[in-house]
Amino acid sequence: KILELGCGVGRLTKHLLLSGYDVTAVDNSPEMLEFVPAQATKVCSNIEELALDVAFDAAILASNLMNVPSASQRSAFLGACHRHLRPGGAFLFEHYDPAWLASAAIGPAGQRGEVRVHSDRLERYPDHVEISLRFRLGAEQWLHHFAAVSLDEEQLCAALVEAGFKPP
């Protein structure tokens, strides 16, 4: 059983289901959960408030939620992951590369498979960066606006230990 938090458009969920995993996908947006395949269990909830009566073999904190600027929100996300794992369960998380956050600029931002990415807006503040990315797939496009704080390996490890995970 895998718990995927911040499932977004369900890409990872689809791959996990195809690999035979039982997936519970969590997002606070009903619109985003519509993209999640019907074979997954869908839960509409804020991650930090999640309280399921199930222990999972693995928890995945997706969508670069580790990089939220609020340390208390990041701690709440990690706490939700920790309390939903069975003893010995695996925890995986996605985070922004500090070098990418430091060098990101307005303009083309690369390509992932057939999806082209363009940075439409970028504002740097002393403690975080705000970015608007435009994703294009054929004639379809969507915008993703977010704020992110850069976390080095030491900061990531400290956040994990604070949430109850064992040091790497």
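Residues numbered from 1 in each chain as written. Predicted model: local features only at pLDDT ≥ 70, side-chain atom pairs only at ≥ 80, totals over all residues. Heavy atoms only, no water.

Asks: Looking at this model, I keep getting lost on the pattern of salt bridges. Mind explaining?
Replies: If the charged atoms of two oppositely charged side chains come close together, the side chains can form a pair. A complete count under the given rule lists four salt bridges for this structure. One salt bridge in this structure joins R134 and D120, with 2.7 Å as the shortest N-O distance. Residue R134 is located in strand β8 (residues 129-137), and its partner D120 is located in strand β7 (residues 115-124); the two are separated by 14 residues in the primary sequence. Exposure remark for D120: the relative accessible area of 28% places this residue in the partly exposed category. Close ionic contact of E123 with R121 constitutes a salt bridge, the shortest N to O distance being 3.1 Å. (Salt bridge = Lys/Arg side-chain N within 4 Å of Asp/Glu carboxyl O. Helix = DSSP H or I, 4+ residues; strand = E, 2+ residues; numbered from the N terminus. Buried < 20%, exposed > 50% of the residue type's maximum accessible area, 1.4 Å probe, protein only.)

Asks: I tried to follow the sheet that holds strand β9 (residues 140-148) on my own but got confused; where do I start?
Replies: Neighbouring strands of a sheet are bound in pairs by backbone hydrogen bonds; such pairs are parallel or else antiparallel. Across the sheet, four strands lie side by side as β6-β7-β8-β9; this open sheet has antiparallel pairing. On the outer flanks of this sheet lie β6 (107-112) and β9, each paired with one strand and no other. The average angle at which neighbouring strand axes cross in this sheet is 25°, direction not considered. Note: β7 against β8, eight bridges, orientation antiparallel. (Pairing = 2+ DSSP bridges. Axes fitted to C-alpha atoms, helices over the stretch in contact; angles between N-to-C directions.)

Asks: How should the layout of surface pockets be read in this particular structure?
Replies: Over the atoms rolls a probe the size of a water molecule, and its path tells where empty space is left. Space inside the second largest pocket adds up to approximately 210 Å³. Surrounding the second largest pocket, H82, L85, R86, P87, G88, G89, A90, F91, G164, F165 and K166 form its lining. Among the elements that make up the lining of the second largest pocket, the one with the highest residue count is strand β5 (residues 85-93) (seven residues). Classifying every residue of the lining of the second largest pocket by side-chain character gives five nonpolar, four polar and two charged. (1 Å grid on protein atoms, 1.4 Å probe; cavity = no way out; pocket = protein on both sides within 12 Å on 5 of 7 lines; lining within 4 Å. Points joined across faces, edges and corners; volume = space filled by probe spheres on them. Nonpolar A, V, L, I, M, F, W, Y, C, P; charged D, E, K, R; others polar.)

Asks: Is there a simple way to explain the nonpolar core in this structure?
Replies: One recurring pattern in soluble globular proteins: nonpolar side chains tend to sit buried together. Residues L5, I47, L61, L78 and F91 are the most contacted members of the largest nonpolar core, which totals 25 residues. Ranked by the residues each element gives to this core, the list is headed by helix α3 (residues 71-83), at four residues. When neighbours within four sequence positions are excluded, L61 is seen to be in contact with L5, I47, M66, F77, L78, C81, F91, L92, F93 and E94. (Core = buried A, V, L, I, M, F, W, Y, C linked by side-chain atoms within 4.5 Å. Contact = heavy atoms within 4.5 Å.)

Asks: Please clarify how α3 should be interpreted in this entry.
Replies: Because the α-helix completes a turn every 3.6 residues, residues three or four places apart line up on one side. Over its 13 residues, α3 runs 18 Å from end to end, which matches the ideal 18 Å to within 8%, given 1.5 Å per residue. Buried within α3 are the following residues: R74, F77, L78, G79, A80 and C81. Summarising the contacts, the buried residues of α3 are in contact with β1 (2-5), β4 (56-61), β5 and α5 (153-162). (Expected span 1.5 Å × (residues − 1).)

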